[in-house]
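Coordinates in review
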Amino acid sequence: APPAAASGGAAPDFEYSQIDMPALSSTMKEGKVVSWLKAEGDPISAGEAIMVVESDKADMDVEAFEDGFLAAIITEEGETGTVA
């Protein structure tokens, strides 16, 4: 099971997928969330851009891999996440 939210809260009681920071280039080790294009609770569709990430080379849209909704934002705008 994916880890609980960074806030220390318990994992939700429904099936979910964690969205990890993707490697947008072969040298990328971490990325900064420039902006979220979706808010918590918004529905998302596979292939839809959900956030903009600043890599070591450029700002790029990150797309959802599956349909669902954005349950929680753990890494806020301006914060950095390690590539998973």
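Described in the following lines is the structure provided in the data block. It should be emphasised that the depicted structure is a prediction, and the values quoted were computed from it without experimental measurement.

1. Some words on the nonpolar core
By size, the foremost hydrophobic cluster in this structure holds 13 residues, and its most contacted members are Met21, Met28, Val33, Trp36, Ile50, Met51 and Val53. Contributions of two or more residues to this core are made by β1 (30–36) and β3 (49–54). The element contributing the most residues to this core is β3, with 3 residues. Dropping the residues within four chain positions of it, Val33 is found in contact with Met21, Met51, Val52, Thr75, Glu76, Glu77, Gly78 and Glu79.

2. Section: the side chain of Lys38
Here Lys38 lies in the loop between β1 and β2 (43–44). What makes Lys38 buried here is its relative accessible area of 17%. One polar contact links the side chain of Lys38 to the main-chain carbonyl oxygen of Pro43, over a distance of 3.4 Å. Sequence-distant contacts of Lys38, that is, excluding residues within four places in its chain, are made with Pro43, Ile44, Glu48, Ala49, Ile50, Leu70 and Ile73.

Conventions used here
- Residues numbered from 1 in each chain as written.
- Predicted model: local features only at pLDDT ≥ 70, side-chain atom pairs only at ≥ 80, totals over all residues.
- Heavy atoms only, no water.
- Core = buried A, V, L, I, M, F, W, Y, C linked by side-chain atoms within 4.5 Å.
- Buried < 20%, exposed > 50% of the residue type's maximum accessible area, 1.4 Å probe, protein only.
- Helix = DSSP H or I, 4+ residues; strand = E, 2+ residues; numbered from the N terminus.
- Contact = heavy atoms within 4.5 Å.
- Polar contact = N/O pair within 3.5 Å; in protein donor to acceptor, adjacent residues only side chain to side chain.

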